[in-house]
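Descriptive analysis of the structure
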Amino acid sequence: MTKDSFLVGLIGSGIGPSLSPALHEREADRQGLRYLYRLIDIDTLGVPPEAVGDLVRAARDLGFDGLNITHPCKQLVIPHLDALAPQAEALGAVNTVVFEDGRAVGHNTDVTGFAASFARGLPDAPLERVVQLGAGGAGAAVAHATLTLGAGRVTLVDAMPERSAALADSLNRHFGDGRAACATPDRLPELLAHADGIGGVVHATPTGMAAHPGLPFPAELLHPGLWVAEVVYRPLETELLRTGRALGCATLDGAGMAAFQAVDAFRLFTGREPDSARMLADIAELADAVVAPK
């Protein structure tokens, strides 16, 4: 008999505004499933990020089918899992945990989510030289995805040089020497000029979010020959995307990554095939509703 009832959740900090519950539950409703998606906010619970292991064990014991994991627990959860899918192991970060026969197995759908979004939204974008801003959790996932898609070289720029250096080392071990490099923000003019016509920029910092408005670098550094891919999806149109589009850059908003990572997580949780087109439409509608409530 096919299972048609699911209990899943999200563990993280400050996750009250998350769109994941609505995104998952809408698709489940359309498929005739009973599907409860619960937020497990460590801030509300008053526990530190290191408590993620206890929370995962409690969820498993309570009969959860799986969990999404977000900041700041994506790395901290790993020692508490029984196994890792290859993508999660290579990345050193988990955003999805599936409970199978009493075992907790970690996956990472951020990587596959960005790759699917990029392939769909910028299918012909040149990938010889890619400049990426941000080397944190989201940055690690999208850098892996970009190199998996065939990028010749990704240069990571982060306000914390040690973080970009560590990620570049990890990427070079996984993809081969010379595929990744790190640079300080003062080199952005040179890097973006060299990528003009043969690559683009991936933005993976919080700048541009509703709480952090603005541009991550001066607008004059953009050129029409660059494509611009955004990870932020609230708002869907960040100032970076608006500026790039006005200059003639091909652009990709963050909705696709958010939708496709949820598509992959839904499949892992339920064993059923979600409708990615419907979930893309959902994330756009939900994100717009958050930014401009009716």
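Before any of the text, the structure's been laid out above.
Figured I'd write up the structure that's included with this text. (Residues numbered from 1 in each chain as written. Predicted model: local features only at pLDDT ≥ 70, side-chain atom pairs only at ≥ 80, totals over all residues. Heavy atoms only, no water.)

Remarks on the sheet that holds strand β7 (residues 129-133)
The strands that make up a sheet are held in pairs by hydrogen bonds between backbone atoms, and each pair lies either parallel or antiparallel. With parallel pairing, the six strands of this open sheet are ordered in space as β9-β8-β7-β10-β11-β12. Across the chains shown, the open sheet's two edge strands, defined by having one partner strand only, are β9 (180-183) and β12 (251-252). Here β7 runs beside strand β10 (residues 199-203); their pairing, made up of five bridges, is parallel. Each residue of the ladder has a partner; that of V131, found in β10, is V201. (Pairing = 2+ DSSP bridges. Helix = DSSP H or I, 4+ residues; strand = E, 2+ residues; numbered from the N terminus.)

Quick word on the packing of helix α1 (residues 20-30) against helix α10 (residues 255-270)
Contact geometry of α1 with α10 gives a least axis separation of 10 Å together with a crossing angle of 55 degrees. Considered as vectors, α1 and α10 are oriented oblique to each other. Crossing geometry of α1 relative to α10 is assigned as right-handed. Side by side, α1 and α10 meet where L23, H24, E27 and A28 of the first sit next to A258, A259, A262, A265, F266 and F269 of the second. Across the contact of α1 with α10, the residue classes break down as eight nonpolar, one polar and one charged. (Axes fitted to C-alpha atoms, helices over the stretch in contact; angles between N-to-C directions. Parallel < 35°, antiparallel > 145°, perpendicular 65-115°, else oblique. Left-handed = near helix turned anticlockwise from the far one by under 90°. Contact = heavy atoms within 4.5 Å. Nonpolar A, V, L, I, M, F, W, Y, C, P; charged D, E, K, R; others polar.)

As for α1
Along α1, the residues that are buried comprise S20, P21, L23, H24, E27 and A28. Downstream of α1 by a residue or two, G32 has a phi angle that is positive, lying close to 75 degrees. (Buried < 20%, exposed > 50% of the residue type's maximum accessible area, 1.4 Å probe, protein only.)

Any functional reading would require information beyond the geometric quantities listed.
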